[in-house]
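For reference, the chains in residue letters:
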Amino acid sequence: VQLQASGGGLVQAGGSLRLSCAASGIIFSIYTVGWYRQAPGKQRELVAVIPSGGSPNYADSVKGRFTISRDNAKNTVYLQMNSLKPEDTAVYYCNLKRIQVIGGMLTYWGQGTLVTVSS
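Calculation notes
- Residues numbered from 1 in each chain as written.
- Predicted model: local features only at pLDDT ≥ 70, side-chain atom pairs only at ≥ 80, totals over all residues.
- Heavy atoms only, no water.
- Pairing = 2+ DSSP bridges.
- Helix = DSSP H or I, 4+ residues; strand = E, 2+ residues; numbered from the N terminus.
- Axes fitted to C-alpha atoms, helices over the stretch in contact; angles between N-to-C directions.
- Disulfide = S-S within 2.5 Å.
- Buried < 20%, exposed > 50% of the residue type's maximum accessible area, 1.4 Å probe, protein only.

A. Expanded view of the sheet that holds strand 8 (residues 76-81). One open sheet holds the four strands; their spatial order is 1-3-8-7, and the pairing between them is antiparallel. Edge positions in the open sheet fall to strand 1 (2-6) and strand 7 (66-71), since each of these has one partner strand only. Each neighbouring strand pair of the sheet contributes to a mean axis angle of 15°, computed without reference to strand direction.

B. Region of interest: the state of the cysteines. For the coordinates displayed, the defined rule picks out one disulfide. Covalently, Cys 21 is tied to Cys 94 through a disulfide, its sulfur atoms 2.1 Å apart. Disulfide Cys 21-Cys 94: torsion about the S-S bond near 45°, hence right-handed. Placement of the pair is Cys 21 in strand 3 (residues 17-24) and Cys 94 in strand 9 (residues 90-100), with a sequence separation of 73 residues.

C. Seen up close, the pairing of strand 8. Extensive coverage of strand 8 is indicated by the burial of five of its six residues. Pairing between strand 3 and strand 8: six bridges, direction antiparallel. Counted as the bridge partner of Cys 21 is Val 77 from strand 8. Of the strand pairs in this sheet, strand 7 and strand 8 are connected by six bridges, and their pairing is antiparallel. Bridged to Ile 68 within strand 8 is Leu 79.

Laid out in structure tokens, this is it:
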């Protein structure tokens with residue numbers, strides 16, 4: 001299983017970025033997919049998640065600014081980030097997870113992509 005994240009970079013406050021995470025070696029459509037982030041000195045936190053066949057959920061801090069979407073045909077999850085703020089600066093990680101009948105939670109992480117928002 002491989003998760004390849006891309007789209008990070010440096011942007012000014014108020015700007016936009018679109019992150020992508022392409023998965024391979026996995027039945028993408030059955031997984032809950034999401035984005036997490038980790039700022040320097042802080043714990044990793046959930047940004048947005050979209051279950052298989054379900055509706056997205058967002059952290060309060062990004063509601064109304066970020067949009068998560070998935071394309072099961074392309075095995076890809078996206079995170080459109082608008083109205084970026086300096087506090088959005090972090091390494092962003094994509095995540096796939098599902099609960100197995102036997103074996104419990106199965107989860108995969110991408111390598112992380114750095115988003116830096118300048119003020």
